[in-house]
Amino acid sequence: MAIAHILGFPRIGASRELKTALEAYWKGDLAQTELLAVGRQLRQRHWQCQRDAGLDFVSVRDFSFYDHILDTSALLGVVPTRFGWRGDDMDLDTYFRMARGTAPSGAPVAACEMTKWFDTNYHYLVPEFEPAQDFRIASSKLFDEIAEAQTLGHAVKPVLVGPVTYLWLGKAKGDIDRLALLERLLPVYREILDRLARLGIEWVQLDEPALVLDLPPPWLAAYERAYAALASSPVSILLASYFGGLGENLATACQLPVAGLHLDIVRAPDELNAALTRLPADKILSLGVIDGRNVWRADLAAVLDQLQPVHQRFAERLWLAPSCSLLHVPVDLTREQKLDPEIKRWLAFALQKLDELRVLKVALTQGRSAVAEEIEQATAAVESRRQSPRIHRPHVTQRATSLTEAHAQRASTYATRRQAQRAHLPLPLFPTTTIGSFPQTADIRAARRDYKAGRLSAAGYAEKMRTAIAHAVRVQENIGLDVLVHGEAERTDMVEYFGELLDGFVFTQYGWVQSYGSRCVKPPIIFGDVARPQPMTVEWTRYAQSLTTKPMKGMLTGPVTILQWSFVRDDQPRAATALQIALAIRDEVADLERAGIRVIQIDEPALREGLPLRRAEQAAYLDWAVRAFHVATAVATDETQIHTHMCYAEFNDIIEAIAAMDADVVTIETSRSDMELLDAFVNFKYPNEIGPGVYDIHSPRVPETDEMLRLMHKATQVLPASRLWINPDCGLKTRGWPEVEAALRRMVATARILRAESRAMEV
């Protein structure tokens, strides 16, 4: 018989219970014992769901109060010195200070750096390795949760990040080679495995997604050393790769001394045959056949056709699973009572994907006739989607295919545009601005709820939004910012807002996915061709501009980010969908210009996130991603200053593409990395203007002016002052007004000090 399992389950709860509890705890409104109880309830509910679906194991340690990589750092005792950790069992508030900079107890401190988890919109906390780094078991969380699951009678498969991937994801602080730490780390992994064996664990899943990357030879060789050292462990290791194919690393992975190998054959279906020829006869083969990254229902009949010959060969050595952890999809489709019934039929969320695994397992072990009705329903749903006339809009396709190179080029070079913009925008040295959003207050959220529930009229809602916009403009003027924003009071989310106003999208009520910590997003679902029926932001921006004589910045989300942060149709190339979105944004840029808006920001924080993990595929992606940005922006005249924003990513490998986007100003996240990310722009000699973020908006901690000044001094040492802007790292939506005002006043003070220093140098 085949074995069914998953690599991980969503943590947040179907109603975002974890988010609610975390934020209440951070505010001091919930006791730590109550927070721990919420975590326990969620774990136990999710384990029972897996058991009810007929899975052979429940996954343990996929639950986290913030991030599974941070959990790994806590387990291994990787705690930077600045957190003052005494070396005892990791306490929850030290853990939260590493994540956020603050916690209910302990002094505020700079949080750990955060960046994207491979090519997803999930953010992990980057491990920091210090010169005297050692490792030891420093948290009992893993073992406590195993005992908890075993007490409930579950068969347990613990999930851990593998040692090589963990080191790969980290950063060395000081003169230290990360790979050289492997010999210190492996004994601790062996100690963990031995302890798991004493708890009665038979199988442990070690996640090694770094194997899908183009690894330098020493790192690939490290896998052989690492798993040779763990080979005599008394537990069986399932080595899991995902987010792509193993490529040239497949031979190494198949020969490692582990008991089983998991492959993502949703992303890399062509790799199955190669794996079948290379995998030794005694090993388990786990196949990721259900898409863990998207929400479309599986074609179960087609999957079974793929699996049948493999099952005949492997029998009980064949394991069935999603391609990756289900962390990346919403929890439960059945809660969606307002979703279009036809489109709902095409979808599967985490719980439904568990059921798809059940059907596949039964079909393989008992025959297709045992689940004939379920297979027939899946086939009908897939065929319904394929033939639906709602998906294709000929006029959209025609417009996209008729584009010429002239449609993707601004009229003049940056040097010419810069002169035109300076004439229309007389800004001071070190101009200050924000990234776009301001706090979504309780009043704003209540107004939105009342409007959606029919308790507030459209006119009443608009008036409340105008009141919030006026407040944001007034605050910015009082603080002394140079380029203002309207604050985005009317927007729930930077992607959802636009998707709701575009054709080709549908939305869920409860389709939440964790982005980081307590931050959850509700990605739109792109089911068909995308078009803009009418302007989306013009009236709000025009109103904001009417309240001030200072430049008002129009705020748009870029085509690649809308694409990346949505669940995307899989029946056409992503490049085609991105181009359709770009044309919609292009029309919005033109309308903003006609409304008198001369600064327009088109955010592309997901540009780096969308980069394929393999170098051989990256050039093609960057070509169409940059072209989509060009199509969206090329309609702007020379006098209109185009900004873009990027955050929480490494830029070195895409810096040429960022330059090719040719935005007049790019703002980037740099504070958590202490301006390290700016190096990419310096080494490349980035030609346009740059706004390096001077404070971390994901932490409630308000930095001092001296701290911001230190960061900007680092920036001025490597970039001309005439090309530097001053701004926060990201939008301020999740913060409160008191801390926002305090931080922005210090930011403006920083700019004034820098201007005074510059004048003094000229004398």
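See the structure printed just above.
Residue indices follow the written sequence of each chain, beginning from 1 at its first position. Given that this is a predicted model, residues contribute local features only at a pLDDT of at least 70 and side-chain atom pairs are listed and counted only at 80 or more, while totals for whole chains, interfaces and linings are drawn from all residues. Working from all heavy atoms in the structure, the side-chain values ignore hydrogens and water.

Draft legend 1. Molecular detail of the overall build of the chain. Helix and strand assignments follow DSSP, with helices taken as H or I runs no shorter than four residues and strands as E runs no shorter than two, numbered in order from the N terminus. In terms of regular secondary structure, the chain is built from 27 helices and 22 strands. For the radius of gyration, the atoms used are the C-alpha atoms, and the globule rule reads 2.2 Å times the number of residues raised to 0.38. The C-alpha radius of gyration of the chain comes to 26 Å, within 12% of the 27 Å expected for a compact globule of 763 residues. Taken over the C-alpha atoms alone, the chain extends approximately 75 × 60 × 50 Å along its principal axes. Out of the 763 residues in the chain, the part that is buried amounts to 63%. Note on definitions: a residue-residue contact is assigned when non-hydrogen atoms from the two residues lie within 4.5 Å. Sequence separation of 24 or more characterises 78% of the internal contacts of the chain that already satisfy a separation of 6 or more. Accessible surface for the chain amounts to roughly 27,500 Å². Of this, 51% is attributable to carbon and sulfur atoms. Positive charges come from Lys and Arg, negative ones from Asp and Glu, while His and the chain ends are left out of the count. For the purpose of locating charges, the reference atoms are NZ of Lys, CZ of Arg, CG of Asp and CD of Glu. Between the mean site of the 86 positive side-chain charges and the mean site of the 96 negative ones, the chain shows a separation of 3 Å. Here the term buried applies to any residue with accessible area under 20% of the maximum for its type, exposed to any over 50%, and partly exposed to those in between, with areas from a 1.4 Å probe on protein chains only. Using a 1.4 Å probe, accessible areas were evaluated by the Shrake-Rupley method; residue-level cover was limited to the displayed protein chains.

Draft legend 2. Structural view of the nonpolar core. Ranked by size, the top nonpolar core spans 125 residues in total, and within it Ile192, Leu196 and Tyr227 carry the most contacts. In this view, Tyr227 contacts Gly162, Pro163, Leu206, Glu208, Ile237, Leu239, Leu256, Pro257 and Val258; residues no more than four positions away in its chain are not counted. Of all hydrophobic cores here, the second largest spans 104 residues; its members include Leu481, Leu579, Leu622 and Leu678. We define a nonpolar core as any set of buried Ala, Val, Leu, Ile, Met, Phe, Trp, Tyr and Cys residues linked to one another through side-chain atoms lying within 4.5 Å.

Draft legend 3. Here's a closer look at the pairing of strand 18 (residues 552-557). Most of strand 18 is tucked away, with 6 of its 6 residues classed as buried. The alternating pattern of strand 18 places Met552, Gly554 and Leu556 and Lys553, Met555 and Thr557 on opposite faces, both of which are buried. Pairing of strand 13 (residues 484-485) with strand 18, which is carried by 2 bridges, proceeds in the parallel orientation. Counterpart to Leu484 in the pairing with strand 18 is Met552. Two strands form a pair only when DSSP identifies at least two bridges running between them. With 5 bridges joining them, strand 18 and strand 19 (residues 599-603) adopt parallel strand pairing.

Draft legend 4. Seen up close, the sheet that holds strand 2 (residues 58-60). Read across the open sheet, the 8 strands follow the order 1-12-11-10-9-8-6-2; overall the sheet is parallel. Each of the sheet's edge strands pairs with one partner strand only, and the pair in question is strand 1 (3-4) and strand 2. As judged from the 2 bridges shared by strand 1 and strand 12 (residues 318-322), these two strands associate in the parallel manner. Of the residues in strand 12, the one forming a bridge with Ile3 is Trp319. Along the sheet, helix 11 (residues 300-314) makes contact with strand 11 (284-290) and strand 12, crossing strand 11 at roughly 170°. For every element, the axis is a line fit to its C-alpha atoms; helices are fit only across the contacting stretch, and the angle between N-to-C directions ranges from 0 to 180 degrees.

Draft legend 5. Summary view of the packing of aromatic side chains. Stacked, edge-to-face and tilted labels apply to pairs of Phe, Tyr and Trp rings (six-membered ring for Trp) whose centres lie within 6.5 Å, assigned for plane angles under 30 degrees, over 60, and everything in between, in that order. Applying the stated criterion to the full structure yields 21 aromatic pairs. Geometrically, the ring pair formed by Tyr223 and Tyr227 is stacked, given 6.4 Å between the ring centres and 10° between the ring planes. Within this pair, Tyr223 and its partner Tyr227 are both found in helix 8 (residues 217-230), separated by 4 residues, close to a single helical turn. Residue Tyr223 shares its accessibility class with Tyr227, and that shared class is buried. When the centroid spacing of 6.4 Å and the interplanar angle of 15° are considered together, the rings of Phe505 and Phe507 count as stacked. Judged by relative accessible area, Phe505 falls into the buried class, the value being 8%. One aromatic cluster is present, built from ring pairs that chain together Tyr25, Trp26, Tyr66, Tyr95 and Phe96.

Draft legend 6. Geometry of the environment of Val235. Summarising the element assignment, Val235 is placed in the loop between helix 8 and strand 9 (236-240). Residue Val235 is classed as buried on the basis of its relative accessible area of 6%. Setting aside anything within four residues of it in sequence, one finds Val235 in contact with Leu193, Leu196, Ala197, Ile201, Glu202 and Val204.

Draft legend 7. Focus on the pattern of salt bridges. Think of a salt bridge as a Lys or Arg side-chain nitrogen and an Asp or Glu carboxyl oxygen that are within 4 Å of each other. Applying the stated criterion across every chain, the model contains 50 salt bridges. Close ionic contact of Arg358 with Asp355 constitutes a salt bridge, the shortest N to O distance being 2.7 Å. Taken together, the residues Arg358 and Asp355, both in helix 13 (residues 350-366) and 3 residues apart, mark about one turn of the helix. For Asp355, a relative accessible area of 34% corresponds to the partly exposed category. Across the pair Arg594 and Asp591 runs a salt bridge whose closest N-O atoms are separated by 2.4 Å. Highlighted residues: Arg594 and Asp591, both in helix 22 (residues 574-594), separated by 3 residues, approximately one helical turn. Residue classification places Arg594 among the exposed residues on the basis of a relative accessible area of 64%. Residue classification places Asp591 among the buried residues on the basis of a relative accessible area of 14%. Here the salt bridges do not stand alone but share partners, grouping Arg43, Asp71, Lys141, Glu145 and Glu148 into one network.

Draft legend 8. Layout of the side chain of Asp482. As for its position among the elements, Asp482 is in the loop between helix 18 (458-479) and strand 13. Given a relative accessible area of 11%, Asp482 falls into the buried group. In protein, a polar contact requires one atom able to donate a hydrogen and another able to accept it; more generally it is a pair of N or O atoms within 3.5 Å, and residues adjacent in sequence count only if both atoms are side-chain atoms. Separated by 2.9 Å, the side chains of Asp482 and Arg755 make a polar contact.

Draft legend 9. Representation of unusual backbone geometry in the model. We note that Phe118 has phi near 55°; this positive angle belongs to a residue other than glycine. Tracing the sequence through the fold places Phe118 in the loop between strand 3 (114-116) and strand 4 (123-125). Backbone geometry places Ala315, a non-glycine residue, at a positive phi of 50°. For Ala315, the location among the structural elements is in the loop between helix 11 and strand 12. Judged by its relative accessible area of 26%, Ala315 is partly exposed.

Draft legend 10. Expanded view of the state of the cysteines. The disulfide criterion is simple: two cysteine sulfur atoms within 2.5 Å. The final tally for this structure, using the stated rule, is 0 disulfides. Considering cysteine sulfurs only, Cys520 is the nearest to Cys324, which forms no disulfide, with 17 Å between them. Note on Cys324: relative accessible area 1%, which makes it buried. With no disulfide partner, Cys520 has as its closest neighbouring cysteine sulfur the one in Cys730, 16 Å distant.

Take it as geometry only, folks, not as evidence of what the structure does.
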